[in-house]
Amino acid sequence: MRGPCRLAAVGLSCSLGSRPGDVWGRLFDASAEPLSLRDDLVRGKSRHFAQVTDSLPEIPSGLERYGCRNNRIALRAYEAIRPAVDAAIERYGAHRVGVVAGSSTAGVAEAEAAVLEWRRSGTLPEGFDLLQLEYGGVSEFLSEVGGLGGPSYALSTACSTGAKALASARRLLDMNLCDAVVAGAVDSLCALTANGFEGLKALSPERTNPMSANRAGLNLGEGGALFLVTREPGGISLAGVGESSDAHHISAPDPAGVGAEASMQAALDDASISSEQIAYLNLHGTGTRQNDQMESIAVDRVFRASPPCSSTKPLLGHTLGAAGALEAALCWLMLENCVDGTMRVPPHRYDGIRDEGLPSLDLVGDGDMVAVEGATYVMSNSFGFGGSNCTLILRSDG
Amino acid sequence: MNEAIITSWAAWSPGLTNRDDWARWALNPTALERSGAPEVEFLPAMQRRRCDALSRMCFQVIHEVCPPEDLGDLTSVFASRHGSFGNMTGLLFALADSRALSPNSFSHSVHNTQAGLFSIWAQNRVASTCVAGGAETFGAGLLEAFGALATQPERAVLLVVADEAVPEPFDSLCDDKGAYALALLLRSRESASGGTPLSVQLERGVVETSMFPDAVAFIRWLMGPERLLRLPHPRRTWVLERS
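Residues numbered from 1 in each chain as written. Chains lettered and ligands numbered in written order. Predicted model: local features only at pLDDT ≥ 70, side-chain atom pairs only at ≥ 80, totals over all residues.

## Here's the deal with the overall build of chain A
Here is step 1 of the chain: Of the regular secondary structure elements, chain A holds twelve helices and 16 strands.
Here is step 2 of the chain: Its C-alpha radius of gyration of 20 Å places chain A within 12% of the 21 Å reference for a compact globule of 398 residues.
Here is step 3 of the chain: Its C-alpha atoms give chain A principal-axis dimensions of roughly 60 × 55 × 40 Å.
Here is step 4 of the chain: Within the span of chain A, comprising 398 residues, buried residues form 64% of the whole.
Here is step 5 of the chain: Considering only intrachain contacts with a sequence separation of at least 6, the fraction spanning at least 24 residues in chain A is 80%. (Helix = DSSP H or I, 4+ residues; strand = E, 2+ residues; numbered from the N terminus. Rg over C-alpha atoms; globule rule 2.2 N^0.38 Å. Buried ≥ 20, exposed ≤ 12 C-beta atoms within 10 Å, placed from the backbone. Contact = placed C-beta atoms within 7 Å.)

What follows is the structure in structure tokens.
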């Protein structure tokens, strides 16, 4: 039985900051330069990365086994929702508060250092624990940090992870296994994914330029976003979820965008709305030719007229497993900050040279606003390796 | 809903390749073997070449649990504590040795590798989810599968729970050492005709050491007469019941 699914609180940490207010402000700051050039991640090359530059909290005493950068980013994101989670524990009991926290990297960076040390000395470094590398370590860590006793597990489906974690949280509520769920995803920069994407020729030597004729690939990023999801009505809610599989290729999307189209359409059907009701679309928008092509074709088929849309990856980087949660968090902030029937939407930062070979999307320009009235819906796309697609629709009652 | 009907199941571990093997093992369970993978000759050669040990084990049990013509319509849930761990460890060694990463190995190191390969093989365009939950990975997979059934009661769910042996140098850090795969075909009560009803309850945790991963303890229980299976963990105990 499908009940209300409120996104009651949000916390995040990314290249634009670790406080929701900071991130919201910097989304519109044309002078913000969230990328850093690093030569220590990809072998023999300098590449742009969108990294978390805020100070990160230390791993709490007693939880050292979970100690890795990924979990410190998770903890930073958790800080903003901690009061809401504590209130949920008070109201429902700790055993009724669950966790679905995803990642595509977990603590791979720490495992890289551990294997290097093992190569040198034949022993793993003291302090390294498999819990840092296990995906399940991310969800366990958050359960421990929050003192949560409900079901707790990790989800990992490459770049659709963060979106799917919210879908799973909704199912746990609908099954009445929880009254509140901490859900989201976190990823951290590491040499493994950086070299892997470089090997696939997916990394851009410049700032990523999605939907441009001059696009040259993606920039990797890191960060995380966590929501407290509850069964309460009202506020900002998860109104629709669409999931599909491409059945096409392990590391490339279906060029015809069939899976992406199915994902968006399923989300609309789930929310019981028509495409004209979508006020804004946050594109997956990685800036690779394959993504831009298939996503714009799919959007063109689902929407009779393109909604205002943008990719926020030129600002946050492609945060892989965290992208679906982080971009949902940005959508949440847009809905939260609607004033006087106007929604401010983040501009699509690129060089302005459209790829004329693709269906034309209504890319948001600097200063663009969207007029809204009553219930407002925004959509976010996430399409991952292995052809794993997930589209979310968030709703504000206005 | 926390109930599903098991309409079919299949399991594979090195040396335990059919029901008779598992029945003998269940009477006198011994530690699972670490190495070996099925031949998966039913897969096209191109796809077979892309499969690591974990993918081969998963495809073997999927092949046994469901007729090929039905595979395209299933919701799928893949649960694995470590995923393609051998492949991942190979990439970590390549980095440590300053070698280039193989694009093919990298593409197949994501946790949803088996889900992606399954979708391509079965031409399945339905939703698919991949979870991990440490020692409670089996329970995580069950909850996802039950959730999928609750959302779409008319559509059968394929739950695959599998892990490779933990490779060096990480094997000293983990108790789960053997390789295995389990596939369950699950239906809602409304859409099933026959099968084993399975329900799940969560109870208070207890500290107790178990000899096998939960999914392997479950296989043994499935072949025996007991009504209840308790899977104890420090944070919670999973209580499975056949009604």
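## Remarks on the interface of chain A and chain B
Here is step 1 of the chain: Counting from both sides, the interface comprises 51 residues of chain A and, opposite them, 51 residues of chain B.
Here is step 2 of the chain: Elements with a minimum of two residues in the side of chain A that touches chain B: α4 (108–121), α6 (135–146), β5 (152–155), α7 (161–174), α8 (191–199), β9 (236–245) and α9 (258–271) of chain A.
Here is step 3 of the chain: Residue contributions to the side of chain A that touches chain B peak at six residues, all from α4(A).
Here is step 4 of the chain: Across the side of chain A that touches chain B, the residue classes break down as 22 nonpolar, 18 polar and eleven charged.
Here is step 5 of the chain: Summarising the sheet, β5(A) and strand β3 (residues 128–132) of chain B pair through two bridges and their orientation is antiparallel. Paired with A:A154 across the strands is B:A132, a residue of β3(B). (Nonpolar A, V, L, I, M, F, W, Y, C, P; charged D, E, K, R; others polar. Pairing = 2+ DSSP bridges.)

## Quick word on the sheet that holds strand β2 (residues 36–38) of chain A
Residue and element names in this part refer to chain A.
Here is step 1 of the chain: Spatial strand order, β2-β3-β7: three strands in an open sheet with mixed pairing. Because the sheet does not close on itself, it has two edges, and the strands there are β2 and β7 (220–221).
Here is step 2 of the chain: With three bridges connecting them, β2 and strand β3 (residues 47–50) associate as antiparallel partners. Each residue of the ladder has a partner; that of L37, found in β3, is H48.

## Thoughts on the environment of B:V166
Residue and element names in this part refer to chain B.
Here is step 1 of the chain: As for its position among the elements, V166 is in the loop between β4 (157–163) and β5 (180–187).
Here is step 2 of the chain: For V166 and A4, which are 162 residues apart along the polypeptide, the C-alpha to C-alpha distance reads 31 Å.
Here is step 3 of the chain: What V166 contacts, discounting residues up to four positions off in sequence, is H82, F85, D171, C174, D176 and K177.

## Some details on the pairing of strand β8 (residues 236–242) of chain B
All names here are of chain B.
Here is step 1 of the chain: Note that strand β6 (residues 196–204) and β8 share seven bridges and pair antiparallel. In the sheet register, L198 faces β8, and the bridge partner there is R242.
Here is step 2 of the chain: Pairing analysis gives five bridges linking strand β7 (residues 228–232) to β8, with the strands arranged antiparallel. Looking at β8, one finds that L228 is bridged to E241.
Here is step 3 of the chain: From the end of β7 to the start of β8, which pair antiparallel, there are three residues.

## A short note on the confidence of the model for chain B
Here is step 1 of the chain: The pLDDT averaged across chain B works out to 95; a share of 100% of its residues lies at or above 70.
Here is step 2 of the chain: As a predicted assembly, this complex carries a pTM of 0.98 together with an ipTM value of 0.97. (pLDDT = per-residue confidence, 0-100.)

## Some details on unusual backbone geometry
Here is step 1 of the chain: In this structure, the amide linkage connecting B:E168 to the following residue, B:P169, adopts the cis form with an omega of 5°.
Here is step 2 of the chain: Mapping B:P169 onto the fold places it in the loop between β4 and β5.
Here is step 3 of the chain: Positioned with a positive phi, A:A247 is a non-glycine residue whose angle comes to about 55°.
Here is step 4 of the chain: The phi dihedral of B:Q123 falls on the positive side, at around 50°, and the residue is not glycine.
Here is step 5 of the chain: By secondary structure assignment, the location of B:Q123 is in the loop between α6 (113–122) and β3.
Here is step 6 of the chain: Using a count of 11 C-beta atoms within 10 Å as the deciding quantity, one classes B:Q123 as exposed.

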